[in-house]
Amino acid sequence: MHKPLRLAALTAACAVAAGALYGAGLATAGQTTANSTHEPYNIGLLVKDIDTYYGTTADANGVYQASPDSPYAKDLASIDAAARTYIDKAARKAVHRGEKPAVVFDIDDTLLLSLDYEKRYNYTYNSATWAAYVNKADRPAVFGSPELVRYAEKKGVEVFYNSGLSEAQRSAAVENLKKVGAEVNLDADHMFLKNTANPPSYLSSCATPGTWTCTTVQYKSGTRKHIERDLGYEIIANFGDQYSDLDGGYADRTYKLPNPTYFVG
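Model, not experiment: these values are computed from the prediction. (Residues numbered from 1 in each chain as written. Predicted model: local features only at pLDDT ≥ 70, side-chain atom pairs only at ≥ 80, totals over all residues. Heavy atoms only, no water.)

1. What about the overall build of the protein chain?
Stage number 1. A count of helices and strands for the protein chain gives seven helices and eleven strands.
Stage number 2. For the protein chain, the share of sequence-separated contacts (at least 6 apart) that also reach a separation of at least 24 residues comes to 69%.
Stage number 3. Of the roughly 12100 Å² of accessible surface on the protein chain, 51% is carried by carbon and sulfur atoms. (Helix = DSSP H or I, 4+ residues; strand = E, 2+ residues; numbered from the N terminus. Contact = heavy atoms within 4.5 Å. Areas by Shrake-Rupley, 256 points an atom, 1.4 Å probe, with all protein chains shown as cover.)

2. Details of the state of the cysteines
Stage number 1. As enumerated under the stated definition, the model contains one disulfide in all.
Stage number 2. With a sulfur-sulfur separation of 1.9 Å, cysteine 206 is cross-linked through a disulfide to cysteine 214. Looking along the S-S bond of the cysteine 206-cysteine 214 disulfide, the torsion reads about 85 degrees, which is the right-handed sense.
Stage number 3. The exposure class assigned to cysteine 206 is buried, which follows from its relative accessible area of 6%. (Disulfide = S-S within 2.5 Å. Buried < 20%, exposed > 50% of the residue type's maximum accessible area, 1.4 Å probe, protein only.)

3. Looking at unusual backbone geometry
Stage number 1. Phi angles above zero are rare outside glycine, and asparagine 185 is one such case at about 55 degrees.
Stage number 2. Looking at the secondary structure, you find asparagine 185 in the loop between α6 (170-180) and β6 (191-194).
Stage number 3. Note on asparagine 185: relative accessible area 23%, which makes it partly exposed.
Stage number 4. One non-glycine residue, tyrosine 250, adopts positive backbone phi at about 65 degrees.
Stage number 5. Locating tyrosine 250 in the fold gives a position in the loop between β9 (234-240) and β10 (254-256).

Everything listed here is a matter of geometry and, on its own, says nothing about what the molecule does.
Spelled out as structure tokens, the structure:
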């Protein structure tokens, strides 16, 4: 996962609820940074706001966890309830039209929570420390997300994953998703990861072997286009914690999960 901008959602640290249901018309497309000559929001205060939002506490092993009673957890529960209702109806409609319904999930901070990494490294990114963290394969679940994955499968919806994790991190991602109970379609035909050395042909407009110029939106929307046009599915819902997970089309509805800790454009 490439995280070029940390602590960039400065004006939205705790105001994520209003924009959570992105695809249902409750949020605008994209996030922008403030353009002001006034003094920016104090980073120390912002970190306190983020901790309050997550209900951040260190467990007995010193691992930072989000609280199940936090505003973050409550926002996720609201999104989850709306998504379940929609998936149930949309799946039945798709089948009635002779379509094959599918849902697409991002992984980082959509299914697996990275709060401990953010806290430990003071909301900064380093490729080596990030890779080591991912490869430990012990991130906790984003509240409700594994259950939503299994719910979609139960409703006859094909589950796909569309992640910025690298191909080298595939085994760790699969192991971690199994640990949290999201053990649905974790094969290479359903889990799309970033392969910069040997990119798929459907991304040829921005990636060739050894040369990767795809933006996050190009990569993720191009993958969804492949799922729909080449694999023959109708993506009824797309879930992500970044607007770049959601922009670019090829999904009937998109759900923006809250994440005030970093921004991926």
